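# A structural walkthrough
Listed here are the chains, written in short residue letters.
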Amino acid sequence: MADPAVVPHAVEELLRAYPIVNIMRDAAEDTEINGCPVFRGDTLMISLPAAGRDGSTYPRAAEVDLDQDRTTHLTFGAGPHRCLGSHLARPELRVAYEEWHRLIPEYELDPEFSPVEASGQMFTLNTLRLRWSR
Ligand code: HEM
């Protein structure tokens with residue numbers, strides 16, 4: 001709230017820590033990934049949330065640091081199918097965060113309910129209970 005310049009960093013840092021999409025691929029040929037055999041035609045789910053929290057790439061990967069300028073992540077994918085909408089998604093997130101904090105500047109996690117993360121093809125929160133007063 002005190003420093004709106006943090007918002008663009010927050011957009012990138014939250015995209016890194018909370019990627020939404022687990023992408024799917026079919027193996028075009030037999031190969032091996034870190035000792036795990038992959039056969040032609042196998043369907044793979046590639047976990048972008050795991051990439052975003054890879055400790056060998058990001059120091060303190062499990063922490064969200066809104067002041068830190070970590071701008072690289074794979075949340076929008078890579079290569080020829082990289083997200084076509086990333087340039088729209090970024091300003092949408094920025095506006096959402098700005099408007100949320102303009103309308104609800106003070107809020108907190110409900111201490112009785114821990115957020116529950118879940119992952120299938122989409123990485124999501126099953127539970128996120130917040131509380132604030134008017
Ligand atoms: C935070 C929001 C978003 C995230 C995290 C996201 C993530 C992704 C990812 C990871 C892919 C790659 C899929 C793959 O390689 O199989 C993708 C593809 C795509 N995204 Fe997004 N996306 C977001 C928002 C949007 C928006 C707002 C639009 C359109 C208005 C959009 C349109 C597309 C399209 C058309 C593709 C397919 C590109 C292709 O296959 O060539 N996305 N997105």
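Higher on the page you've got the structure.
A brief report on the enclosed structure follows. (Residues numbered from 1 in each chain as written. Predicted model: local features only at pLDDT ≥ 70, side-chain atom pairs only at ≥ 80, totals over all residues. Heavy atoms only, no water.)

### So, helix α1 (residues 6-17)
Defined as follows: Starting at the N terminus, helices and strands are each numbered in turn, a helix being any DSSP run of H or I of at least four residues and a strand any DSSP run of E of at least two. Multiplying 1.5 Å by the helix residue count minus one yields the expected span of that helix. A simple rule labels every residue: compare its accessible area, found with a 1.4 Å probe on the protein chains alone, to the largest value its type can have, and call it buried under 20%, exposed over 50%, or partly exposed in between. Every residue pair with non-hydrogen atoms within 4.5 Å of one another is taken to be in contact.
In this model α1 runs 16 Å from its N-terminal to its C-terminal C-alpha over twelve residues, within 8% of the 16 Å that 1.5 Å per residue would give. For α1, the buried fraction is high: nine of the twelve residues fall into the buried class. Buried residues in α1 make contact with α2 (48-52), α3 (86-103) and β7 (123-127).

### Focus: the coordination of the iron atom of the ligand
Selection criterion: A donor here means any N, O or S atom no more than 2.8 Å from the metal (3.2 Å for Na, K and Ca); water is not included, so a site may seem to lack partners.
The protein gives the iron atom of the ligand a lone donor atom, Cys 83 (SG), placed 2.3 Å from the metal. Positionally, Cys 83 belongs in the loop between α2 and α3.

### Quick word on the nonpolar core
Soluble globular proteins: nonpolar side chains tend toward being buried together. Which entries qualify depends on this criterion: What we call a nonpolar core is a set of buried Ala, Val, Leu, Ile, Met, Phe, Trp, Tyr and Cys residues that are connected through their side-chain atoms within 4.5 Å.
If you look at the biggest cluster of nonpolar residues, it comprises five residues: Val 7, Val 11, Leu 15, Phe 76 and Ala 89. The element that contributes the greatest number of residues to this core is α1, accounting for three residues. Once residues within four sequence positions are removed from consideration, Val 11 is found in contact with Arg 90, Leu 93, Arg 94 and Tyr 97.

### Structural notes on the site of the ligand
Note the following rule: One heavy atom within 4 Å of a molecule or strand is enough for the residue carrying it to be called near that molecule or strand. N or O atoms closer than or at 3.5 Å make up a polar contact, with two conditions inside protein: a donor-capable atom paired with an acceptor-capable one, and, for residues adjacent in sequence, both atoms drawn from side chains. Each residue receives one of three labels: charged for Asp, Glu, Lys and Arg, nonpolar for Ala, Val, Leu, Ile, Met, Phe, Trp, Tyr, Cys and Pro, and polar for the others, Gly being one of them.
Around the ligand, 17 residues are found, and the nearest of them are Arg 25, Thr 75, His 81, Cys 83 and Gly 85. In the model, an oxygen atom of the ligand is placed 2.6 Å from a nitrogen or oxygen of the Arg 25 side chain. Take His 81: an N or O atom from its side chain is 2.8 Å from an oxygen atom of the ligand. Mapped by element, the contributors of at least two residues to the shell around the ligand are β1 (22-26) and α3. Class assignment for the residues of the shell around the ligand results in eleven nonpolar, four polar and two charged.

### Thoughts on the layout of surface pockets
For clarity, the cut-off: Here a cavity means grid points, on a 1 Å grid over the protein atoms only, where a 1.4 Å probe fits yet cannot get out; a pocket means an open set of points with protein on both sides within 12 Å along at least five of seven lines; lining residues are those with an atom within 4 Å of a point. Grid points are joined across faces, edges and corners, and a volume is the space filled by probe spheres set on the points.
Considering only enclosed or pocket space, the largest pocket measures out at about 1,200 Å³ in volume. Along the walls of the largest pocket sit 30 residues, with Leu 14, Tyr 97, Trp 100, His 101 and Tyr 107 positioned nearest its centre. Sorting the residues of the lining of the largest pocket by element identifies α1, α3, β5 (108-109) and β7 as the ones contributing at least two each. For the lining of the largest pocket, the element with the highest residue contribution is α3, accounting for seven residues. Residue composition of the lining of the largest pocket, grouped by class: 23 nonpolar, two polar and five charged.

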